Amino acid sequence: MFGTGLLKGLGVTLKHFTETFIDDRRKEPSRYEGSIQVDERRRIIHQPISQEGLLTIQYPEERRLLPERFRYIPMLIWDTEAGEDRCTACGICAKVCPPQCIWIVRDSDESGKPITRPAEFYIDVAVCMSCSFCAEFCPFDAIKMNHDYELAVYDRYPQLVYDKEELTVPIEYYAALWPTQYAAEEAQRAKQKEEERRREEEKKKAAEAKAQAQTAGGESGVAKPKRSKEELEVLKAQAAAKAAARKGEEGGAETEDAEAAKRARLEELKRKAAEKAAQRKKESGE
Ligand code: SF4
Ligand code: SF4
């Protein structure tokens, strides 16, 4: 029938309107279920999928509860336990940032030698496109994505160029915004630490075993005597004299052999010459 769709649509609108009206009349409207009261005026609202009726949020007093994976601009992590920035100023995030809006200045010690800590760290948040590449590529879990999206200011520059101080947040803040990701990363860290500890222990044990074996005289079990410099010199001289004598003996034997061979050859030649002379005499009939 003509106009059925229109009537159906109006019916849905009327239903939502009525449900919203009924919900608003409740002492605790369902849209406040699971919400967080930040202070007297501010409340964070969790809108469940099952929410019926129209949902009007009285922003800025009321805000939506953001999903964990929501990301806006980056933040730098301050490791409360270690009492230092996690950032080592390696510069990877600045390299991978597509719009190139990160600047880092590495810190240095008194002698001017660079150290693994940023002296300055800037992000132009007006240029940042919230891609999260910096957070994904950081090998030290030092940069993460913040949920804070209320960045409106009167002047773009310098107010939207955040420095290290503005970017830095304690690790507890990150853990509250990204609980699942934080837990997974911490589990991974604990595993790596345990692995490192085990390797260190194995190395230490191997070094101890080696030291013990050396003390006991090495693998053969024969302790090498320790000699003074003078003793070593004497031993060296004795070894050299022995080597020279051996060489001399070998040389003498070689000379005798050569002379015997020479004599034998001469005797052979003499015998052949005598044979030939006898044969010639016979042929001439003398
Ligand atoms: S935030 Fe991470 S990737 Fe960027 S400089 Fe610091 S340690 Fe390197
Ligand atoms: S989120 Fe993307 S654009 Fe923003 S600073 Fe990180 S890498 Fe650059």
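Here, the structure is the one placed above.
Residues numbered from 1 in each chain as written. Chains lettered and ligands numbered in written order. Predicted model: local features only at pLDDT ≥ 70, side-chain atom pairs only at ≥ 80, totals over all residues. Heavy atoms only, no water.

(A) Geometry of the sheet that holds strand 9 (residues 161-162). Pairing is antiparallel across the open sheet formed by three strands, whose spatial order is 6-7-9. Every other strand in the sheet has two partners, leaving strand 6 (102-108) and strand 9 as the edge strands with one partner each. As paired strands, strand 6 and strand 7 (residues 114-124) are joined by six bridges and run antiparallel to one another. Counted as the bridge partner of Ser-108 is Pro-114 from strand 7. (Pairing = 2+ DSSP bridges. Helix = DSSP H or I, 4+ residues; strand = E, 2+ residues; numbered from the N terminus.)

(B) Representation of the site of ligand 2. Taken together, the neighbourhood of ligand 2 is formed by 14 residues, with Cys-97, Cys-128, Cys-131, Ser-132 and Cys-134 sitting nearest. Split into classes, the residues belonging to the shell around ligand 2 amount to twelve nonpolar, two polar and no charged. (Near = heavy atom within 4 Å. Nonpolar A, V, L, I, M, F, W, Y, C, P; charged D, E, K, R; others polar.)

(C) View of the pattern of salt bridges. Going through the model one piece at a time under the given rule, you end up with 19 salt bridges. Across the pair Lys-164 and Asp-85 runs a salt bridge whose closest N-O atoms are separated by 3.2 Å. Residue Lys-164 is found in helix 4 (residues 164-167), and its partner Asp-85 is found in strand 5 (residues 84-85); the two are separated by 79 residues along the sequence. For Asp-85, a relative accessible area of 14% gives the class buried. A cluster of three or more residues bridged by salt bridges with shared partners is formed by Asp-79, Arg-86, Asp-141, Lys-144, Glu-185, Glu-186 and Arg-189. (Salt bridge = Lys/Arg side-chain N within 4 Å of Asp/Glu carboxyl O. Buried < 20%, exposed > 50% of the residue type's maximum accessible area, 1.4 Å probe, protein only.)

(D) Examining the site of ligand 1 more closely. Among the 13 residues in the neighbourhood of ligand 1, the closest are listed as Cys-87, Cys-90, Gly-91, Cys-93 and Cys-138. Split by residue class, the shell around ligand 1 holds eleven nonpolar, two polar and no charged.

(E) Main features of unusual backbone geometry. In the segment running from Tyr-157 into Pro-158, the intervening peptide bond is cis, with an omega of 5°. Summarising the element assignment, Pro-158 is placed in the loop between strand 8 (143-145) and strand 9. Residue Gln-100 is not a glycine yet carries a positive backbone phi of 55°. Considering the arrangement of structural elements, one finds Gln-100 in the loop between helix 2 (92-96) and strand 6. Notably, Ser-130 is not glycine yet its phi reads approximately 55°, a positive angle. Counting through the fold element by element, Ser-130 comes out in the loop between strand 7 and helix 3 (133-137).

(F) Representation of the sheet that holds strand 2 (residues 43-45) in the model. As summarised here, the arrangement of the three strands in space is 1-2-3, forming an open sheet in which the pairing is mixed. In this open sheet, the two edge strands, each paired with only one partner strand, are strand 1 (36-37) and strand 3 (62-64). Of the pairings in the sheet, the one linking strand 2 to strand 3 comprises three bridges and is parallel in character. Along strand 3, the bridge assignment pairs Ile-45 with Arg-64.

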